[in-house]
Amino acid sequence: MDAELTYDELKLLRALNRTVDDSLEESLKERESLQQTFKRLFPVLMELLNAKGAVVNTLDEELAQATYHHGDFGGVFPGTFLEASRWGVRKLTNGDTFVSQVLDLVGHPVGAMGLLFAGDRTADAPKLGRILDTIAEELDTVLASIQTASEKQGLLVNINHSLSNRVFETGMDGAVRALCEKVKVPGFLLMYRDAVESGALHYRSYKYGQLEFSSNGTRDPQLDAAVRSHGQNLILPHDQKLKEALGNRKAVETVLISGVAESHALGKIMVWSGGEGFSAYTMDLLRLLGSTLSQRLIDYNRERIHLSQFFSGKTIDELLRDPDYERNYLKPRAEEVGILFADINGFTRICEQVLERPERIGKFVDDWSEEAVRILHRHGGVFDKMVGDCVIGLWGPPFFKDDGPSRAGAAIKAAIEIQRFTRDTMSAHPEVSRLSEILQLPGLGVAIGVNLTPSFCGLFGPNRNYTSFSTGMNQTARLQSLGSFRETLVMDSAKTAVEKSSDPELKALRFGPVVETPVKNVAQPLRYFKLLE
């Protein structure tokens, strides 16, 4: 075919190449849309080629089919000329000539283009074909790059939409599926830190976009072993232990961070192929996913940290599985609630005579209250707040699945364990041992009050703290203040409730005689029992 080229035609093709190239370059420089690009290109093409019309069918920036055209097509929609199955040069019924071809880049179709000429030009078919080839060589690359960018943007939107799901795991599964619908990803692993439980790692592992293993579902023995052996070192940059746990697959890793330092690593993505590696396109998508996922993990951790002020990790997991958990479980509601107030005996004297310095007082309270709250959580309780050295716990919230006897029983069990922990463990604290010697005391103790009472529980205030309001809360505070050294006092309502329980541990509890004590600002005397060891 090259032998058929004349000098004039060669000049035309070179001029055509420069014209298309210059026009497209100017459009790119001006950041014009496809509509503006073809509005710039078509008139100069038609003038140079003495054509009646030009038309291109392709995907627009929103990845929707669009037809761009210019010129006189005799009142017929130009796109219909490109819908025919015949490509090349053909004579139309009105006597004009239409030449068309598919636009593609390395075999990947990106659209179709056609030129309309006046009269019968079928004798010039080879020449018209070369003209269209010259234009297509320039258009193919531009349209492919626009479509690729649009696909990336569309995928990013889908990933963001998936990750916006209030249930993090569901959102993560959707994001990986969206990625794998666009590119072939045989294996994908996300491993991330628990924002609440220090040192804990979670993971989700996928095979061709489908969840295969997870730390809260079907577990992977190899990953579990790696977590036990190496802990959070697995998610640090350049650490090879995670890759070794995956069988030293040829994998690409992305570390998810909340800051610039390695110590702020939130997690790590590991992606592996069938051995042939990944294209630049896929690598770009993985970087986009990593960036988006980092921000989602930051938000997810912030949510978990806020909830951890009140709830155990198990309760948080259950809450976050419901995308509308705040309305369904944390909205203020009136329920019968088990309540516990636990206060260190003689704390003022301990501070004045032994601890003295504020930092030592703070450390002592931290040591005691941290374990006291763990005990509340272990028995299904909610940590309401701490007032001075007094820890307050609630039973029933946030799901209210159990009954009154169960709530009162769990509160009493927690009280027993807090008493034992304070007596046996905290009494061995060096500062407490010194105080015991000075004041001739048997160690440290707490006074605890337990109640079962109607209360109004939920998130309140600008800081959205989970707490409870009722006269019963005030009564429990007064009850606790009546307790002496290592005493647990149980309100009549709580004792009556646990007597209905079939739990052997609760049925074995022993109580002293009923006591009635008038207290300030409470209409009726408090009616309670001392829990006996």
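So, here is what we can say about the structure in this document. Values in this document were obtained by computation on a predicted structure and should not be read as measured data. (Residues numbered from 1 in each chain as written. Predicted model: local features only at pLDDT ≥ 70, side-chain atom pairs only at ≥ 80, totals over all residues. Heavy atoms only, no water.)

This part covers the sheet that holds strand β10 (residues 265-272). The strand order across the open sheet formed by 5 strands is β8-β7-β6-β10-β9, and the pairing between neighbours is antiparallel. Pairing within the sheet leaves two strands with one partner each, and these edge strands are β8 (210-214) and β9 (251-257). Taking the axes of each pair of neighbouring strands and ignoring which way they run, one obtains an average angle of 20° across the sheet. As paired strands, strand β6 (residues 187-193) and strand β7 (residues 201-207) are joined by 7 bridges and run antiparallel to one another. Residue leucine 190 lies in a different strand from β7, and its bridge partner there is arginine 204. Contacting β6, β7 and β8, helix α5 (residues 168-182) crosses the sheet at an angle of about 150° to β6. (Pairing = 2+ DSSP bridges. Helix = DSSP H or I, 4+ residues; strand = E, 2+ residues; numbered from the N terminus. Axes fitted to C-alpha atoms, helices over the stretch in contact; angles between N-to-C directions. Contact = heavy atoms within 4.5 Å.)

One pass over the structure, following the stated rule, counts 13 aromatic pairs. Their ring planes at 20° and their centres at 4.5 Å tell us that phenylalanine 168 and tyrosine 300 sit as a pair that is stacked. With phenylalanine 168 in helix α5 and tyrosine 300 in helix α8 (residues 280-307), this residue pair connects regions lying 132 residues apart in the sequence. Each member of the pair phenylalanine 168 and tyrosine 300 is classed as buried. (Phe/Tyr/Trp six-rings, centres within 6.5 Å; stacked < 30°, edge-to-face > 60°. Buried < 20%, exposed > 50% of the residue type's maximum accessible area, 1.4 Å probe, protein only.)

Among the structural elements, aspartate 140 can be located in helix α4 (residues 125-163). This buried residue, aspartate 140, is left without a salt bridge; arginine 130 holds the nearest opposite charge, at 16 Å. Not counting residues within four places of it along the chain, the set of residues in contact with aspartate 140 comprises Leu103, Asp104, Leu105 and Val110. (Lys, Arg positive; Asp, Glu negative; His and termini not counted. Salt bridge = Lys/Arg side-chain N within 4 Å of Asp/Glu carboxyl O.)

Spatial relationships are all this shows, so hold off on functional conclusions.
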